[in-house]
Amino acid sequence: MEEMKRTHPVKTAMEKLFQNKLATLCFFFLIAEIILVLLAPVIAPYSYEEQDATIKLRPGIWAVVTAETDESSPDYDPQELYVPGHILGTDNFGRDVFSRLLYGGRISLMVGFVSTFMGLAVGVICGMLAGYYKRLDNPIMRVMDLLFTFPGILLAMLVIAMLGVNTFNTMLAISIWSIPSFARMVRGKVLQIKEEDYIMATRSLGAKDSRILLVHVLRNCMPIIIVIATMRMATSIISISTLSYLGMGVTPPMPEWGGMIAAAKEYLWKRPSLVFVSGCAVMLTVISFNILGDKLRDILDPSLRD
């Protein structure tokens, strides 16, 4: 009798993921981005707050110095010259944009990961309790419905207005916004799982509810949790960028992509690259998380397909 070869589910999922070229590109882009921002103190050529008023609003490495741009030329403008070492140019305070982009990515991704984890932890617990215990279903889900009545960004702004503007309060506000989404999706999955035969058999053998929830229910909810968490990362990054743009997120001089866009909007016509660079960082990161989450949805939980 031939032995059945069992493939680890994570290995199977990764193999399926790498069969999609776009999802593979997004995966490696995010890995490279995370490595770059983690190594920001090593890679960044300057401190994110180091200023030099003599090189304010200089263009990046794309600025070409031609023969006509000499001091005798009527078109000569020293503000249009590239300063060696500042590959993405400088901002209105003469700070290196590339360095601030790396450090800003650390803040954006940190807030995204932490707020998603905080919302996931509370939302999963609420969803599992609501789905497994009928008597808790109505009160828990009514609270979730109450949170759903507030537009997400307004709810986050309300929390920050009450607690004050700082990075931790911003993460807390975004995580509160995330809780209802996790709770509702997990509750629906638990309602389906708890009616399965193996759950009834486990219960009949005398297993405690805590063991059933942690060992059997949670394990079978992991695919949907991973999918929602990946997509929620994109929403969290947009949220922190929006709040920082409005002045309710990360406080200056600490860089954050949304805050960098807000500071650069005053110089949109003179130096549009300041907005473009930060905006592209947000856009590419969010798109990558969304595409990766969509592909993981198809791989880990085919029942969630449209």
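Quick caveat: nothing in here was measured; it's all calculated off a predicted structure.

(A) Main features of the overall build of the chain. A tally of helices and strands in the chain yields 11 helices and 0 strands. For the chain, the residues scored as buried account for 44% of the 306 residues in total. Relative to all contacts within the chain whose residues are 6 or more apart in sequence, the contacts with residues 24 or more apart total 75%. Accessible surface, the chain: about 16,700 Å² in total, of which carbon and sulfur atoms supply 66%.

(B) Local environment of the pattern of salt bridges. Scanning all chains against the criterion turns up 7 salt bridges. Of the charged contacts in the structure, one is a salt bridge between Arg187 and Asp137, with a shortest N-O distance of 2.7 Å. With Arg187 in helix 7 (residues 167-193) and Asp137 in helix 5 (residues 134-148), the pair connects residues that are 50 residues apart, well separated along the chain. Of the residues examined, Arg187 reaches a relative accessible area of 23% and is grouped as partly exposed. Each of Asp91, Arg95 and Arg100 takes part in one network of salt bridges that share partners.

(C) Structural context of the packing of helix 4 (residues 97-132) against helix 5. Interaxial distance between helix 4 and helix 5 falls to 6 Å at its minimum, and their mutual angle equals 140°. When the axis of helix 4 is compared with that of helix 5, the two are oblique. Across from Cys126, Leu129, Ala130 and Tyr132 in helix 4, the residues of helix 5 making contact are Lys134, Leu136, Asp137, Ile140, Met141 and Met144. Classifying every residue of the contact of helix 4 with helix 5 gives 8 nonpolar, no polar and 2 charged.

(D) Focus on the nonpolar core. Counting 27 residues, the largest nonpolar core has Leu17, Val97, Leu101, Ile237, Trp257, Phe289 and Leu292 as its most contacted members. Of the residues forming this core, the biggest block, 9 residues, is contributed by helix 11 (residues 273-300). If sequence neighbours within four positions are ignored, Leu101 has contacts with Leu88, Trp257, Met260, Val277, Ser278 and Ala281. In this structure, Val186, Ile199, Ile228 and Ala229 belong to the second largest nonpolar core, which totals 18 residues.

(E) Expanded view of helix 5. Under the 1.5 Å per step criterion, the end-to-end length of helix 5 is 21 Å for 15 residues, consistent within 8% with the ideal 21 Å. Taken together, the buried positions of helix 5 are occupied by Asp137, Ile140, Met141, Met144 and Leu147. The buried residues of helix 5 occupy one face: seen down the axis, they fall within an arc of 100°. Turned more than 90 degrees away from the buried face of helix 5, the exposed residues are Arg135 and Leu146. Looking at the buried residues of helix 5, the elements they touch are helix 4, helix 6 (152-163) and helix 7.

(F) The arrangement of the packing of aromatic side chains in detail. Within this structure, the stated rule accounts for 5 aromatic pairs. Relative to Tyr103, the ring of Tyr48 has its centre 5.2 Å away and its plane inclined at 55°; by these criteria the two rings are tilted. Here the residue Tyr48 occupies a position in the loop between helix 3 (40-43) and helix 4, and Tyr103 occupies one in helix 4, the gap between them amounting to 55 residues. Relative to Tyr133, the ring of Tyr132 has its centre 5.1 Å away and its plane inclined at 85°; by these criteria the two rings are edge-to-face. Tyr133 carries the same exposure label as Tyr132, and that label is buried. Through a chain of ring-to-ring contacts, three or more aromatic side chains come together here, namely Phe18, Phe27 and Phe28. Above the face of the Trp177 ring, Arg232 is positioned so that its terminal group lies 5.1 Å from the ring centre. Lying over the aromatic face of Tyr245, Lys265 brings its terminal NZ or CZ to 5.5 Å of the ring centre.

(G) Broad picture of the packing of helix 4 against helix 11. Following both chains from N to C, one finds helix 4 and helix 11 inclined at 35°, their axes separated by 11 Å at the closest point. Note that helix 4 runs across helix 11; the crossing there is right-handed. Where helix 4 abuts helix 11, its residues Val97, Leu101 and Leu109 lie against Leu274, Val277, Ser278, Ala281, Thr285 and Phe289. Here the residues of the contact of helix 4 with helix 11 are counted per class, giving 7 nonpolar, 2 polar and no charged.

(H) Quick peek at the environment of Gln51. Relative to the helices and strands, Gln51 resides in the loop between helix 3 and helix 4. Residues Gln51 and Arg95, spaced 44 residues apart in sequence, show a C-alpha to C-alpha distance of 4.9 Å. Setting aside its immediate chain neighbours within four residues, Gln51 contacts Phe93, Gly94 and Arg95.

(I) Focus on unusual backbone geometry. Phi is positive for Leu57, which is not a glycine, with a value near 55°. By the element assignment, Leu57 lies in the loop between helix 3 and helix 4. Its relative accessible area of 8% is what places Leu57 among the buried residues.

Conventions adopted
- Residues numbered from 1 in each chain as written.
- Predicted model: local features only at pLDDT ≥ 70, side-chain atom pairs only at ≥ 80, totals over all residues.
- Heavy atoms only, no water.
- Helix = DSSP H or I, 4+ residues; strand = E, 2+ residues; numbered from the N terminus.
- Buried < 20%, exposed > 50% of the residue type's maximum accessible area, 1.4 Å probe, protein only.
- Contact = heavy atoms within 4.5 Å.
- Areas by Shrake-Rupley, 256 points an atom, 1.4 Å probe, with all protein chains shown as cover.
- Salt bridge = Lys/Arg side-chain N within 4 Å of Asp/Glu carboxyl O.
- Axes fitted to C-alpha atoms, helices over the stretch in contact; angles between N-to-C directions.
- Parallel < 35°, antiparallel > 145°, perpendicular 65-115°, else oblique.
- Nonpolar A, V, L, I, M, F, W, Y, C, P; charged D, E, K, R; others polar.
- Core = buried A, V, L, I, M, F, W, Y, C linked by side-chain atoms within 4.5 Å.
- Expected span 1.5 Å × (residues − 1).
- Arc of directions from axis to C-beta.
- Phe/Tyr/Trp six-rings, centres within 6.5 Å; stacked < 30°, edge-to-face > 60°.
- Lys NZ or Arg CZ within 6 Å of the ring centre and 35° of its normal.
- Left-handed = near helix turned anticlockwise from the far one by under 90°.

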